[in-house]
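# Chains, contacts and geometry: an overview
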Amino acid sequence: MSKNIRFELGLKIRQLRKKYNYTQEKLSELAEVDYKHIQLLESRKPPAIKIDTLEKIAKAFNISASKLLDFS
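Residues numbered from 1 in each chain as written. Predicted model: local features only at pLDDT ≥ 70, side-chain atom pairs only at ≥ 80, totals over all residues. Heavy atoms only, no water.

### Details of the overall build of the chain
The number of helices and strands found in the chain is five helices and zero strands. Across the chain, helices and strands are ordered from the amino to the carboxyl terminus as α-α-α-α-α. For a compact globule of 72 residues, the expected C-alpha radius of gyration is about 11 Å, and the chain comes in at 11 Å, within 12% of that figure. If you line up the chain on its principal axes, its C-alpha atoms span 25 × 25 × 20 Å. The burial tally for the chain puts 33% of its 72 residues in the buried class. Carbon together with sulfur atoms contributes 50% to the accessible area of the chain, which is approximately 4900 Å² in total. (Helix = DSSP H or I, 4+ residues; strand = E, 2+ residues; numbered from the N terminus. Rg over C-alpha atoms; globule rule 2.2 N^0.38 Å. Buried < 20%, exposed > 50% of the residue type's maximum accessible area, 1.4 Å probe, protein only. Areas by Shrake-Rupley, 256 points an atom, 1.4 Å probe, with all protein chains shown as cover.)

### Structural notes on helix α4 (residues 51–60)
Regarding α4, the residues found buried are Thr53, Leu54, Ile57, Ala58 and Ala60. Looking down the long axis of α4, one finds its buried residues gathered within 155 degrees of arc, a one-sided arrangement. For α4, the exposed residues set more than 90 degrees away from the buried face come down to Ile51 and Lys59. (Arc of directions from axis to C-beta.)

### A look at the packing of helix α2 (residues 24–31) against α4
Orientation of α2 relative to α4, taken along the N-to-C sense of each, is 110 degrees, at an axis distance of 8 Å. Viewed along their axes, α2 and α4 adopt a mutual orientation that is roughly perpendicular. Where α2 crosses over α4, the two elements pack in a sense that is right-handed. On α4, the residues touching Leu27, Leu30 and Ala31 of α2 are Lys56, Ile57 and Ala60. (Axes fitted to C-alpha atoms, helices over the stretch in contact; angles between N-to-C directions. Parallel < 35°, antiparallel > 145°, perpendicular 65-115°, else oblique. Left-handed = near helix turned anticlockwise from the far one by under 90°. Contact = heavy atoms within 4.5 Å.)

### Here we look at a nonpolar patch on the surface
Taken together, the side chains of Ile5, Leu69 and Phe71 define a hydrophobic patch exposed on the protein surface, amounting to about 220 Å² of accessible area. By the element assignment, isoleucine 5 lies in helix α1 (residues 3–19). (Patch = residues over 30% accessible without salt bridge, like charges linked within 9 Å, V, L, I, M, F, W, Y side chains within 5 Å. Salt bridge = Lys/Arg side-chain N within 4 Å of Asp/Glu carboxyl O.)

### Brief notes about unusual backbone geometry
Its identity as a non-glycine residue notwithstanding, asparagine 21 has a phi of 55 degrees, on the positive side. Within the element layout of this structure, asparagine 21 appears in the loop between α1 and α2. Not every positive phi belongs to a glycine, and glutamate 32 is a case in point at roughly 55 degrees.

Right, dumping it as structure tokens:
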């Protein structure tokens, strides 16, 4: 993933998290992803994300992984 896609994904995760009124801690619990990883994904320099993690986060929002990656 390029940096722009990583950053856009982090923004989308943050937007959805706020829309659902989830804290980073709540999202990490629901997605079964470490809290610090959620923080990193939403940071200015997010790391690459594994497909399994992407699917877990999407499931926590009750959407598909492809919908999570839709930046349009």
